[in-house]
Amino acid sequence: MDISRADGGSYTDNLIGTLLAIFGNVLVSISLSIQKYSHVTLAGKKDPRVFYRTKTWWCGFVLTCLGEGANFVSYAFAPLALIAPLNAVSVLTSSILGLIFLREKSKPKEFAKQYGLPFLGCVLTIGGTYLFVAFGPNSHEKLKAENIVKHIVGWPVLLYLLLEIITFCLLLYFYKQRGANYLIIILLLVALLGSVTVITVKAVSGMLVLTAEGSMQLDYPIFSVMFVCMLASVVFQARFLSQACKLYDSSLIASVNYILSTFFAVVAGAVFYLEFKNEDVLHICMFLLGTALCFLGVFLITKNKKKIKTFEPYVTMDMTNGVPTIHDKGLVLQPDFNGSFSYGALVNNDGVAPVTVPVNLEQPPVGCRSTDASHGPPDLKKD
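Note that the structure is predicted; figures quoted are calculated from it, not measured.

Enquirer: Tell me about helix H6 (residues 145-152), and please be specific about residues and values.
Expert: Residues of H6 that are buried include every one of Ala145, Ile148 and His151, and no others. Angular distribution of buried residues about the axis of H6 spans 120 degrees; they occupy a single face of the element. The inward-facing, buried residues of H6 abut helix H7 (155-176), helix H8 (183-212), helix H9 (221-247) and helix H10 (250-272).

Enquirer: Got a sec to walk through the packing of H8 against H9? Specific residues and values, please.
Expert: Remark: H8 packs on H9, axes separated minimally by 8 Å, with the N-to-C direction vectors making an angle of 150 degrees. Regarding the angle of H8 to H9, the classification is roughly antiparallel. Judged by the sense of rotation from one axis to the other, the crossing of H8 with H9 is left-handed.

Enquirer: Just give me the short version of unusual backbone geometry, but keep the residues and values in it.
Expert: In the Ramachandran plot, Leu274 falls in the positive-phi region, its phi being about 50 degrees despite a non-glycine side chain. With respect to the secondary-structure elements, Leu274 resides in the loop between H10 and helix H11 (281-303). Taking relative accessible area as the criterion, Leu274 reaches 38% and is therefore assigned partly exposed.

Enquirer: Outline the packing of aromatic side chains, supporting the account with residue identities and numerical values.
Expert: All told, the structure shown has 12 aromatic pairs when counted by the stated rule. Note on Trp57 and Phe61: the rings are 5.5 Å apart at their centroids and 10 degrees apart in plane angle, and the pair reads as stacked. Taken as a pair, Trp57 and Phe61 lie in helix H2 (residues 55-74) at a separation of four residues, close to a single helical turn. For Trp57, a relative accessible area of 13% translates into the label buried. Seen from their ring centres, Phe223 and Phe227 are 6.2 Å apart, and the 20 degrees between their planes marks the pair as stacked.

Cut-off values and rules
- Residues numbered from 1 in each chain as written.
- Predicted model: local features only at pLDDT ≥ 70, side-chain atom pairs only at ≥ 80, totals over all residues.
- Heavy atoms only, no water.
- Buried < 20%, exposed > 50% of the residue type's maximum accessible area, 1.4 Å probe, protein only.
- Helix = DSSP H or I, 4+ residues; strand = E, 2+ residues; numbered from the N terminus.
- Arc of directions from axis to C-beta.
- Contact = heavy atoms within 4.5 Å.
- Axes fitted to C-alpha atoms, helices over the stretch in contact; angles between N-to-C directions.
- Parallel < 35°, antiparallel > 145°, perpendicular 65-115°, else oblique.
- Left-handed = near helix turned anticlockwise from the far one by under 90°.
- Phe/Tyr/Trp six-rings, centres within 6.5 Å; stacked < 30°, edge-to-face > 60°.

Set out below in structure tokens:
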């Protein structure tokens with residue numbers, strides 16, 4: 001970062017917020033992998049215990065809380081334009097963990113063919129992260145209740161919120177009334193709600209940090225308003241995201257959702273908190289270049305993830321014994337037992353062997369059938 005662009009306080013705050021966000025995203029990725037491992041282990045051993053009764057799952061849950069807590073606090077120290085794109089760190093960490101936990105040993109040529117694009121995506125993500133952190137906005141203000149109210153009543157924010165509400169209502173109309181279950185429509189709804197989430201999270205987190213430092217902010221009405229809006233936006237955002245996961249592949253959702261959510265979060269930070277007000281053209285262009293590299297990197301990382309093939313049986317009749325047999329047309333892969341969408345690492349089940357499901361039916365001996373046939377009913381007399 002260019003320290004000459006900002007005072008020491010802003011630089012220190014940005015550094016703390018950036019490190020907290022990176023630490024939080026890494027912890028979340030590790031926790032999701034641990035929880036995924038817990039589910040897969042229980043399924044593999046046919047353990048009758050519920051997943052939340054295992055120590056492994058609780059370890060992942062504690063790490064998730066710590067990671068999300070670090071992400072929440074990071075919004076109080078750094079601009080939205082720096083924190084929002086850092087979600088790419090979670091995708092990057094999950095990709096690396098997936099490579100570590102990969103059970104299948106491939107030949108070098110096959111390995112390069114299958115994982116060449118994800119490796120290139122990791123390199124682009126790392127380079128893009130450095131660029132947007134180094135050239136991102138360095139100005140940061142203490143979010144007191146009075147400052148938040150001043151931001152809300154400004155005409156750019158009111159115009160932005162009006163356009164966002166109109167767009168959200170139109171998309172919701174096509175989604176609910178017209179049955180337009182397109183991925184782009186659902187994820188646009190998620191991204192619009194996500195922009196409200198990051199605005200409110202930054203306000204709530206900033207006021208909580210100031211309160212912890214000794215300046216009480218919780219008795220202002222704006223804190224209650226922001227807190228309620230934060231909870232509501234998070235709940236509806238998770239609901240739409242859950243609908244998208246039921247209809248489309250999770251790897252595609254991961255890349256598209258990251259791109260749309262980051263774009264609207266950066267725009268929200270620029271309009272609501274005026275984060276690019278004192279930035280020059282060069283730093284803005286380099287920031288946009290770094291963000292674009294992260295977009296491309298995340299897309300390449302998630303592009304080659306194999307889709308889960310469901311069990312597609314077909315039935316044939318054994319003409320000799322007359323017994324139906326079930327055959328497996330595809331690979332039976334380990335399902336996502338956590339029931340929610342995430343950037344978990346252990347979703348790549350390349351090493352799983354095909355499974356057949358036999359039908360255990362008692363077959364009478366052939367000799368018995370022939371004996372029974374010999375004692376069948378006598379032939380009828382002809383008229």
